[in-house]
Amino acid sequence: MPPILGTVMVYARDMQRSAAFYCTHFGLETTGDVVEGLIELQAPDGGACILVHQAAKSVKLGQAGVKLCFHVPDVEAFKVRALAQGLAFGSTHQANGYAFANAKDPDGNAVSISSRAFRQPG
């Protein structure tokens, strides 16, 4: 059996603020408790969890080669809901039968919404 991606670790200057960002804008759930130095965020309908870890002062946030991509069936509808909650995404881009848009979390880490998982085979 091949390995399964189950967790993405995000380093944050303010762990509670970052946890709230992912809960508010992407529907993840957490108790908010710091356990073993981490705040665990779970996706209620499955998918990888996010562990928010306190960033050391030496960590240069927002410069890692990783982007968190969230699957959404309708990019434009999600952008409207996110903007109402204070998160502005950039322009919507079209690619091979799907759309995507990008934003940043409170620490400057790249996040994306994409309808790629919902595109019709063609």
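Residues numbered from 1 in each chain as written. Predicted model: local features only at pLDDT ≥ 70, side-chain atom pairs only at ≥ 80, totals over all residues. Heavy atoms only, no water.

Colleague: Give me the lowdown on the overall build of the protein, citing residues and values where you can.
Modeller: Along the protein, the regular secondary structure elements total 2 helices and 7 strands. Projected onto its principal axes, the C-alpha coordinates of the protein cover approximately 45 × 40 × 25 Å. By residue count, 34% of the 122 residues in the protein fall in the buried class. Pairs at least 24 residues apart make up 51% of the contacts formed inside the protein by residues separated by at least 6 positions. Total accessible area on the protein stands at roughly 7,600 Å², and carbon and sulfur atoms take up 54% of it. Averaging the positions of the 10 positive and the 10 negative side-chain charges in the protein gives two centres separated by 13 Å. (Helix = DSSP H or I, 4+ residues; strand = E, 2+ residues; numbered from the N terminus. Buried < 20%, exposed > 50% of the residue type's maximum accessible area, 1.4 Å probe, protein only. Contact = heavy atoms within 4.5 Å. Areas by Shrake-Rupley, 256 points an atom, 1.4 Å probe, with all protein chains shown as cover. Lys, Arg positive; Asp, Glu negative; His and termini not counted. Charge placed at Lys NZ, Arg CZ, Asp CG, Glu CD.)

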